[in-house]
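Summary of the model geometry
Below are the chains, spelled out letter by letter.
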Amino acid sequence: MSTDYKPISTAYRQMIKEMTENRTSARIQFYSDINEFLTLHGTFKEIEDREGEEYLVLTTGEEVRLDRIVRIGDKPAPGYDESFFQCDTGK
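Anyway, here's the lowdown on the structure attached to this text. (Residues numbered from 1 in each chain as written. Predicted model: local features only at pLDDT ≥ 70, side-chain atom pairs only at ≥ 80, totals over all residues. Heavy atoms only, no water.)

Here we come to the sheet that holds strand β1 (residues 25-31). An order of β4-β3-β2-β1-β5-β6 is seen for the six strands of this open sheet, with the pairing classed as antiparallel. Unpaired on one side and paired on the other, β4 (63-65) and β6 (75-76) mark the two borders of the sheet. Relative to strand β5 (residues 69-72), β1 runs antiparallel, the two being bridged by three bridges. Bridge pairing in β5 links F30 to I69. Packed onto the sheet, helix α1 (residues 10-21) meets β1, β2 (37-50), β3 (53-58), β5 and β6 and runs at close to 90 degrees relative to β2. (Pairing = 2+ DSSP bridges. Helix = DSSP H or I, 4+ residues; strand = E, 2+ residues; numbered from the N terminus. Contact = heavy atoms within 4.5 Å. Axes fitted to C-alpha atoms, helices over the stretch in contact; angles between N-to-C directions.)

Structure, rendered in structure tokens:
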């Protein structure tokens with residue numbers, strides 16, 4: 001996984017911003033900085049910009065870089081579709 005930050009789509013960022021403003025609680029699936037696929041459940045606190053990289057900060061203090069988010073709730077991030085979330089049955 002590339003470590004260079006890649007800005008996310010404006011529409012997906014706006015959705016995250018609105019969820020932050022509403023203090024939404026949701027499941028977040030993402031890749032960590034060491035390429036682990038993780039799932040958290042938390043309440044959105046704010047979006048922070050650090051030297052051109054944006055992070056979603058949860059009320060627990062956990063942080064997720066926006067370009068590493070795969071899905072929030074049932075909404076896949078751009079570049080991921082429902083087939084990404086299906087188990088490989090070998091067929």
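Among the nonpolar cores identified, the biggest contains 18 residues, and Y12, I16, I28, F44, L56, I69 and I72 are the most heavily contacted of them. Looking at this core, the elements that each hand over two or more residues are α1, β1, β2, β3 and β5. The leading source of residues in this core is α1, at four residues. Residues contacting I28, with those up to four places away along its chain left out, are L38, T39, L40, F44, L56, L58, I69, R71 and I72. (Core = buried A, V, L, I, M, F, W, Y, C linked by side-chain atoms within 4.5 Å. Buried < 20%, exposed > 50% of the residue type's maximum accessible area, 1.4 Å probe, protein only.)

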